[in-house]
Amino acid sequence: MLFNSLQFLLFFPIVTILYFLLPHKLRWLHLLVASCIFYMAFVPVYILILFFTIVIDYIAGIKIELATGKKRKLFLIVSLLANIGVLAVFKYYNFFTGNLNLALSASGSGFHLPLLSILLPIGLSFHTFQAMSYTIEVYRSHQKAERHFGIYALYVMFYPQLVAGPIERPQNLLHQFHELHQFNMDNCKEGLKQMLWGFFKKIVIADRLAMVVKVTYSHSELQTGPALAIGTIFFAFQIYCDFSGYSDIAIGAARVMGFDLMKNFNRPYFARSISEFWTRWHISLSTWFKDYLYIPLGGNRVSTQRMYLNLAIVFVVSGLWHGANWTFITWGALHAFYLIFGLATKPARVKLLSAIGIAEHSRVFAILSVFSTFCLATYAWIFFRAADLHDAWYISTHLFTGWGQVCSLHGLKSLITAVGGSDTIIGAFNLTLGCALILFLELAQRKAAHVPVLDLFRNSNRLIRWGFYYLLIISILLIGVYDNQEFIYFQF
């Protein structure tokens, strides 16, 4: 079930109202059934995959806690293999088999492995990683094994964050399903405001930007360099508003019922380095890889060369997590290069800027750092969005061509049409204004101790505060896109 659908508009209030009307002992069952309905709205039969991994991990958690010695690790390995095995079959089998078949063809072999005709279950990587974090934390003795099967199943299937996160840890979420949540008006208001902001980012900004981005990347060979550059910048804002919008709706929906989910984004396009970018973007995934892959590999407690290798491994795996395509692997490798190059050259860069009069802690240095980090992250998004490496290479090598044409009236008109779509100047203005609004409000967050965006108006005049809320609602109703566009991260 899509958050931006009529079904969810009915589903959410009904589930929430029933949750508070039911006695505490039945609430877990109500949420579990609702979560099953939510997930089965996509491909009903795939609920069986979730059920399979839930049973395996539930039993494994108890076995790990009761076992001693090598048996504990054995049960953990069984659990991890079951989860990774599901990912391998549904997400990666055709990718690796297809590449192997290409290698066999190139070698002259007539042997080919068969491909599977299966759909990728929605959000498979998300709930798989959440399930894996449970058994790992039980193994590390950071979490008691959950004895209530229904509560554990709800931990994996909790509908707000089931298909696109945040990827929760058992220490944060499991105990909340045992607690009694009374209806709280403050939670309700704050949750609904966060959902409103999420809907605005998704329906008004992301889905409108998607129209231009789709044309740009579907027919890249027909676009000029400026159009490719603007389409790529628009994609940077599209994917941010799309994914952070989902997180806002998920966190807000859970908040209304009294549940606290972890923050998943923190103004990533204001990061001053790629390293800082990854502490602000998809925080639940970046911390997952840090805790369960980077640190076990040795983290930064090893030699510099080994630390660089660890970073490379983590980001290549992260790219593969996002999708079974060489474009995603390249995207991850590119971010690994950014990080390693940035760490290796930081002293020289600081010294060079200091020599030309730009101190490391000056405002100019901060602005240059934010701008360069945004440019690097945006360039990498080309490989994330492109259909294949051929398209990604074409776009990345043609970004700086044809800029002289913009100086002519015809060239400028063509660019505005490419950016604004059928609405030309008005469309281009609205899209650019939407991106600027996001940046402006997030810049204001920096000056307000990182409070949620809509809380910036908490102490404002009531007319200003409610005027802004109604402006968001009217924008959603009048200029929102209502064609049930899936969230980008559903495919992962």
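Here the structure is a predicted model, which means the values were calculated and not measured. (Residues numbered from 1 in each chain as written. Predicted model: local features only at pLDDT ≥ 70, side-chain atom pairs only at ≥ 80, totals over all residues. Heavy atoms only, no water.)

Visitor: Help me understand the overall build of the protein chain, please; the structure alone is not making it clear to me.
Guide: A tally of regular secondary structure across the protein chain gives 18 helices and 0 strands. Computed over the C-alpha atoms, the radius of gyration of the protein chain is 24 Å, within 12% of the 23 Å expected from 2.2 N^0.38 for a compact globule of 492 residues. Overall size of the protein chain, expressed as C-alpha extent along the three principal axes, is 70 × 70 × 50 Å. Here the protein chain holds 492 residues, and the buried ones make up 51% of them. Counting only contacts in the protein chain whose residues sit at least 6 apart along the sequence, the fraction spanning at least 24 positions is 74%. Put simply, the protein chain shows about 23600 Å² of open surface, and 69% of that area lies on carbon and sulfur atoms. (Helix = DSSP H or I, 4+ residues; strand = E, 2+ residues; numbered from the N terminus. Rg over C-alpha atoms; globule rule 2.2 N^0.38 Å. Buried < 20%, exposed > 50% of the residue type's maximum accessible area, 1.4 Å probe, protein only. Contact = heavy atoms within 4.5 Å. Areas by Shrake-Rupley, 256 points an atom, 1.4 Å probe, with all protein chains shown as cover.)

Visitor: Could you clarify how one ought to interpret a nonpolar patch on the surface in this entry?
Guide: A cluster of nonpolar side chains, namely W466, Y470, I473, I474, L477, L478, I479 and Y482, defines an oily patch on the protein surface of about 870 Å² accessible area. Within the secondary structure, Y470 sits in helix α18 (residues 462–479). Here Y470 falls in the partly exposed class, since its relative accessible area comes to 48%. (Patch = residues over 30% accessible without salt bridge, like charges linked within 9 Å, V, L, I, M, F, W, Y side chains within 5 Å. Salt bridge = Lys/Arg side-chain N within 4 Å of Asp/Glu carboxyl O.)

Visitor: Quick question: what am I supposed to make of the pattern of salt bridges here?
Guide: Any two side chains of opposite charge can pair if their charged atoms end up close together. In this structure the tally under the stated criterion is 7 salt bridges. Close ionic contact of D248 with K201 constitutes a salt bridge, the shortest N to O distance being 2.8 Å. Linking D248 in helix α9 (residues 225–256) with K201 in helix α8 (residues 185–218), this pair joins segments that are 47 residues apart in sequence. Each member of the pair D248 and K201 is classed as buried. Taken together, the shared-partner salt bridges connect K202, D207 and D242 into one network.

Visitor: I'm lost on the side chain of T16 in this one. Help?
Guide: Tracing the backbone shows T16 in helix α1 (residues 6–21). Residue classification places T16 among the buried positions, given a relative accessible area of 8%.

Visitor: What is the right way to read helix α6 (residues 149–157) from this model?
Guide: Two residues of an α-helix separated by three or four positions point the same way, owing to the 3.6 residues in each turn. A large share of α6 lies buried, amounting to 8 of its 9 residues. Every buried residue belonging to α6 is among G150, I151, Y152, A153, L154, Y155, V156 and M157, and all of these are buried. Against the buried residues of α6 lie α2 (24–40), α3 (47–66), α5 (124–139) and α7 (170–173).

Visitor: Honestly, the packing of α5 against helix α11 (residues 283–294) in this entry has me stumped. Any pointers?
Guide: Running from N to C, α5 and α11 point in directions that differ by 35 degrees, and their axes come no closer than 12 Å. The interaxial crossing formed by α5 with α11 has left-handed handedness. Touching F129, M132, S133, I136 and E137 of α5 are L285, W288, F289 and Y292, all from α11. (Axes fitted to C-alpha atoms, helices over the stretch in contact; angles between N-to-C directions. Left-handed = near helix turned anticlockwise from the far one by under 90°.)

Visitor: Could you clarify how one ought to interpret the packing of aromatic side chains in this entry?
Guide: Each aromatic ring pair is characterised by the separation of its centres together with the angle its planes make. Considering all chains together, one arrives at 66 aromatic pairs under this definition. Seen from their ring centres, Y58 and Y152 are 6.4 Å apart, and the 40 degrees between their planes marks the pair as tilted. One end of the pair, Y58, is in helix α3; the other, Y152, is in helix α6, and 94 residues separate them in sequence. Note on accessibility: Y58 and Y152 belong to one class, buried. When the ring of F177 is compared with that of F259, the centres are 5.3 Å apart and the planes differ by 50 degrees; the resulting orientation is tilted. (Phe/Tyr/Trp six-rings, centres within 6.5 Å; stacked < 30°, edge-to-face > 60°.)

Visitor: Even after reading the chapter, I still don't get the packing of α1 against α2, so can you show me in this structure?
Guide: Any two packed helices are characterised by the angle at which their axes cross and by the distance between the axes. Between α1 and α2, the least distance of the axes is 9 Å, while the angle of their chain directions is 170 degrees. With respect to α2, the element α1 is oriented roughly antiparallel. Facing F8, F11, V15, L18, Y19 and F20 of α1, the residues of α2 in contact are R27, H30, L31, A34, I37 and F38. (Parallel < 35°, antiparallel > 145°, perpendicular 65-115°, else oblique.)

Visitor: Sorry if this is basic, but what is going on with the environment of A336 here?
Guide: Its place among the elements puts A336 in helix α13 (residues 326–355). By relative accessible area, A336 is classed as buried at 3%. For the pair A336 and I274, spaced 62 residues apart in sequence, the C-alpha separation works out to 9.3 Å. Ignoring sequence-local partners within four residues, the contact set of A336 consists of L311, A312 and F315.

Visitor: I'm lost on unusual backbone geometry in this one. Help?
Guide: Most peptide bonds are trans, and most residues other than glycine sit at a negative phi. Cis geometry is found at the peptide bond from G165 to P166, where omega equals 5 degrees. Mapped onto the secondary structure, P166 falls in the loop between α6 and α7. Positioned with a positive phi, S141 is a non-glycine residue whose angle comes to about 65 degrees. Residue position: S141 is located in the loop between α5 and α6. Unusually for a residue other than glycine, R267 sits at a positive phi of about 50 degrees. Assignment of secondary structure puts R267 in the loop between α9 and α10 (274–277).

Visitor: Please clarify how the environment of Y217 should be interpreted in this entry.
Guide: Within the secondary structure layout, Y217 lies in helix α8. Distance in space between the C-alpha atoms of Y217 and G332 is 20 Å, their sequence separation being 115 residues. Every residue in contact with Y217, bar those within four places of it in the chain, is listed here: G231, T232, I382, R385, A386, D391 and I395. In terms of polar contacts, Y217 uses its side chain to reach the side chain of T232, at 2.9 Å. (Polar contact = N/O pair within 3.5 Å; in protein donor to acceptor, adjacent residues only side chain to side chain.)

Visitor: Help me out: how do you make sense of the state of the cysteines in this one?
Guide: A disulfide bridge is the covalent bond that connects two cysteines by way of their sulfur atoms. Under the defined criterion, the tally for this structure stands at 0 disulfides. We note that C375 lacks a disulfide partner, and the nearest cysteine sulfur, in C435, lies 14 Å from it. (Disulfide = S-S within 2.5 Å.)

Visitor: I keep staring at the environment of K144 and nothing clicks. Help me out?
Guide: When you line up the elements, K144 lands in the loop between α5 and α6. The spatial distance from the C-alpha of K144 to the C-alpha of T378 is 42 Å, given a sequence separation of 234 residues. With residues up to four places along the chain from it excluded, the contact list for K144 reads E65, Y134 and V138.

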